[in-house]
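# Examination of the molecular architecture
Listed below, chain by chain, are the residues.
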Amino acid sequence: MFSFGEAGWGDQLLQGLLVTIQLALTALPVGLVLGFAAAGASLSPYRWLRAIGTGYTTIMRGLPELLTLFVVYNGLGLLLNSIVSSWNPDARVELSSFVAGVIALGLVFGAFAGEVLRGAFQSLNKGQMEAGKAVGMRPTQVFFRIMLPQVWRFALPGLGNLWINLLKDTALVSVIALDDLMRMTQVAVRSTKQPFTFFLAACLIYWALCVISEIVLARLEKRANRGVRRA
């Protein structure tokens, strides 16, 4: 049943697993960039930037992930086609399921990551920027050499939890016909009429991904906390 080749469904499930991993790994940097941007906007001295950052995180954290996926998949495609048609009436833009999934999951991840990163930045000693400038460091040097490593250490546990949620949320993209692990499992269930067997197998695969991720995250946290004195 789970063998590879024409006799089993191993090839299809493996293909779906690779798509799931690729989707999560592609959405992760998108979400991190949006998270840093949202955190920076929320902490900005300019009121209009704070409003944008706070509005983004508040709205996206309040929407169901599945609804966000539908809005991106259907709405963004219509928006792009309306823009393109204004230039060339015969042109059409097709938004793939993978791209829509990356954008939707990245938007959701970025909203939650923005709050995690904002809290991490607020945990820093406010005098570090002035101290760095006093020894001749440029603001970018202070950020990348002094502030960012500490933010990474403070935010890593929260970002790790968000990564686990991102892995599980990839299953939602199966509803827009992306051949990920969940969709390939559903195809196998409809073909074999054995839902318990294949859904249980999918559960074990997702669980294994989460366990591997937790091991990697634990090592990253240990590395990030090297040299930190414990109370």
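In this report, we go over the structure that sits alongside the text. (Residues numbered from 1 in each chain as written. Predicted model: local features only at pLDDT ≥ 70, side-chain atom pairs only at ≥ 80, totals over all residues. Heavy atoms only, no water.)

### A word on the overall build of the protein
Definition in use: Helix and strand assignments come from DSSP, with helices taken as H or I runs of at least 4 residues and strands as E runs of at least 2, each series counted from the N terminus. Accessible area is worked out with a 1.4 Å probe on protein chains only. A residue is then buried under 20% of its type maximum, exposed over 50%, and partly exposed in between. The contact rule is simple, with two residues in contact once any of their heavy atoms fall within 4.5 Å. Note on areas: these come from Shrake-Rupley sampling with a 1.4 Å probe, and a residue is covered only by the protein chains present in the view.
The helix and strand inventory of the protein stands at eight helices and zero strands. Considered along the principal axes of its C-alpha atoms, the protein spans approximately 70 × 55 × 30 Å. Per-residue burial over the protein gives 37% buried out of 231 residues. The long-range share in the protein, meaning contacts at least 24 apart out of those at least 6 apart in sequence, stands at 72%. Total accessible area on the protein is roughly 13500 Å²; 65% of this is exposed by carbon and sulfur atoms.

### Observations regarding the packing of helix 5 (residues 127-134) against helix 6 (residues 139-169)
Quick note on the threshold: Axis geometry follows a simple rule: fit a line to the C-alpha atoms, using only the stretch in contact for helices, then measure angles between N-to-C directions, giving values from 0 to 180 degrees. Oblique is the label for every angle not falling under 35 degrees (roughly parallel), over 145 degrees (roughly antiparallel), or within 65 to 115 degrees (roughly perpendicular). Left-handed describes a crossing whose near helix is turned anticlockwise from the far helix by less than a right angle; the clockwise case is right-handed. Classes in brief: Ala, Val, Leu, Ile, Met, Phe, Trp, Tyr, Cys and Pro nonpolar; Asp, Glu, Lys and Arg charged; the others, Gly included, polar.
One way to put it is that helix 5 packs onto helix 6 with a least axis distance of 9 Å and a crossing angle of 135°. Relative to helix 6, the element helix 5 is oriented oblique. Seen along the crossing, helix 5 lies across helix 6 with a hand that is right-handed. Residues Gln128, Met129, Gly132 and Lys133 of helix 5 touch helix 6, and the partners they reach there are Pro139, Val142, Ile146, Met147 and Gln150. Tallied by class, residues from the contact of helix 5 with helix 6 come to five nonpolar, three polar and one charged.

### Thoughts on the packing of aromatic side chains
In plain terms, the rule: Classification of ring pairs rests on two measures: the distance between centres of Phe, Tyr or Trp rings, Trp counted by its six-membered ring, which must be within 6.5 Å, and the angle between planes, read as stacked under 30 degrees, edge-to-face over 60 and tilted in between.
Overall, the coordinates contain two aromatic pairs when judged by the stated rule. Centre to centre, the rings of Trp9 and Phe198 are 6.5 Å apart; their planes meet at 80°, and the pair counts as edge-to-face. Here the residue Trp9 occupies a position in the segment before helix 1 (10-42), and Phe198 occupies one in helix 8 (residues 195-224), the gap between them amounting to 189 residues. Under the relative-accessibility criterion, Phe198 is labelled buried at 1%. Measuring from centroid to centroid gives 6.4 Å for Phe36 and Phe121, while their planes differ by 75°, and the two rings are edge-to-face. Of the two residues, Phe36 is situated in helix 1 and Phe121 in helix 4 (residues 97-122); the sequence distance between them amounts to 85 residues. The exposure class assigned to Phe36 is partly exposed, which follows from its relative accessible area of 31%.

### Side note on the side chain of Thr57
We count it as follows: Counting of polar contacts relies on pairs of N or O atoms within 3.5 Å, with two restrictions inside protein: one atom must be capable of donating a hydrogen and the other of accepting it, and residues adjacent in sequence are counted only when both atoms are side-chain atoms.
Its place among the elements puts Thr57 in helix 2 (residues 47-62). The class of Thr57 is buried, set by a relative accessible area of 1%. From its side chain, Thr57 meets the backbone oxygen of Thr54 in a polar contact 3.1 Å long. In this structure the side chain of Thr57 is engaged in a polar contact, spanning 3.4 Å, whose partner is the side chain of Glu115. Beyond its immediate stretch of four places on either side in the chain, Thr57 contacts Ala38, Ala111 and Glu115.

### Details of helix 3 (residues 65-87)
Put simply, the test is: Expected span of a helix, by definition, is 1.5 Å for each gap between consecutive residues, and there is one gap fewer than residues.
Relative to the 33 Å expected for 23 residues at 1.5 Å per residue, helix 3 spans 33 Å between its end C-alpha atoms, a close match to the ideal helical length. Buried residues of helix 3: Thr68, Leu69, Val72, Gly77, Asn81 and Val84, and no others. Its buried side turned inward, helix 3 meets helix 2 and helix 4.

### Topic: unusual backbone geometry
For Ala177, which is not glycine, the phi dihedral falls at a positive 70°. Along the chain, Ala177 turns up in the loop between helix 6 and helix 7 (181-192). At Lys193, a position not held by glycine, the phi torsion is positive, near 60°. Along the polypeptide, Lys193 turns up in the loop between helix 7 and helix 8.

### Things to note about the packing of helix 1 against helix 2
Geometry of a packed helix pair, given as the angle between the helix axes and the separation of the axes. In contact at an axis separation of 7 Å, helix 1 and helix 2 are set at 135° when each is read in the N-to-C sense. Here helix 1 is positioned oblique relative to helix 2, judged by the angle of their axes. Crossing angle aside, the handedness with which helix 1 passes helix 2 is left-handed. When helix 1 is examined against helix 2, the residues Leu34, Ala38, Ala41 and Ser42 are found in contact with a partner set consisting of Leu49, Arg50, Gly53, Thr54, Tyr56 and Thr57. A breakdown of the residues in the contact of helix 1 with helix 2 according to their chemical character gives five nonpolar, four polar and one charged.

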